[in-house]
Amino acid sequence: MARRKDYFGLGRIVSIILAIIPITSMVCGAITRLGEGKIVAAILRVILGWNIIWICDLVLIILNGRILRLINI
């Protein structure tokens with residue numbers, strides 16, 4: 001089975017471009033977490049997504065193609 005990529009299963013380059021822009025990173029991260037059924041994590045992404053989470057998402061998307069999963073609620 002293929003490994004699932006974040007940001008709607010888009011390619012790595014497209015995901016990196018989306019992660020570079022803070023607002024798209026916040027929105028795409030929140031939608032991704034909502035798609036996983038993690039409502040609290042999506043709300044926290046919207047509230048806190050413009051600072052440390054954005055930097056962590058950017059680094060993790062570049063390194064392994066996955067966003068930060070801080071909590072699983």
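Whatever comes next refers back to the structure up there.
On a predicted model such as this, the values are computed, not experimentally measured, just so you know. (Residues numbered from 1 in each chain as written. Predicted model: local features only at pLDDT ≥ 70, side-chain atom pairs only at ≥ 80, totals over all residues. Heavy atoms only, no water.)

1. Some details on helix H3 (residues 39–48)
Phase 1 of the analysis: Among the residues of H3, Ala41, Ala42 and Arg45 are the ones counted as buried. Mapping the buried residues of H3 onto a view down its axis gives an arc of 100 degrees, with all of them on the same face. Structural note: H3 exposes Ile39 and Ile47 on the side pointing more than 90 degrees away from its buried face.
Phase 2 of the analysis: Elements that come into contact with the buried residues of H3 comprise helix H2 (22–35) and helix H4 (52–64). (Buried < 20%, exposed > 50% of the residue type's maximum accessible area, 1.4 Å probe, protein only. Helix = DSSP H or I, 4+ residues; strand = E, 2+ residues; numbered from the N terminus. Arc of directions from axis to C-beta. Contact = heavy atoms within 4.5 Å.)

2. With respect to H2
Phase 1 of the analysis: With 14 residues, H2 should cover 20 Å at 1.5 Å per step; its first-to-last C-alpha distance of 20 Å lies within 8% of that length.
Phase 2 of the analysis: Each element contacted by the buried residues of H2 is listed here: helix H1 (12–20), H3 and H4.
Phase 3 of the analysis: A positive phi of about 85 degrees marks Gly37, the residue just after H2. (Expected span 1.5 Å × (residues − 1).)

3. A short note on unusual backbone geometry
Phase 1 of the analysis: Residue Phe8 is not a glycine yet carries a positive backbone phi of 70 degrees.
Phase 2 of the analysis: Tracing the backbone through its elements, the reader meets Phe8 in the segment before H1.

4. Remarks on the side chain of Asp57
Phase 1 of the analysis: Tracing the chain through its elements places Asp57 in helix H4.
Phase 2 of the analysis: Taking the relative accessible area as the measure of exposure, Asp57 reaches 1% and is therefore buried.
Phase 3 of the analysis: Setting aside chain neighbours within four positions, we find Asp57 in contact with Tyr7, Ser25, Arg45, Ile67 and Leu68.

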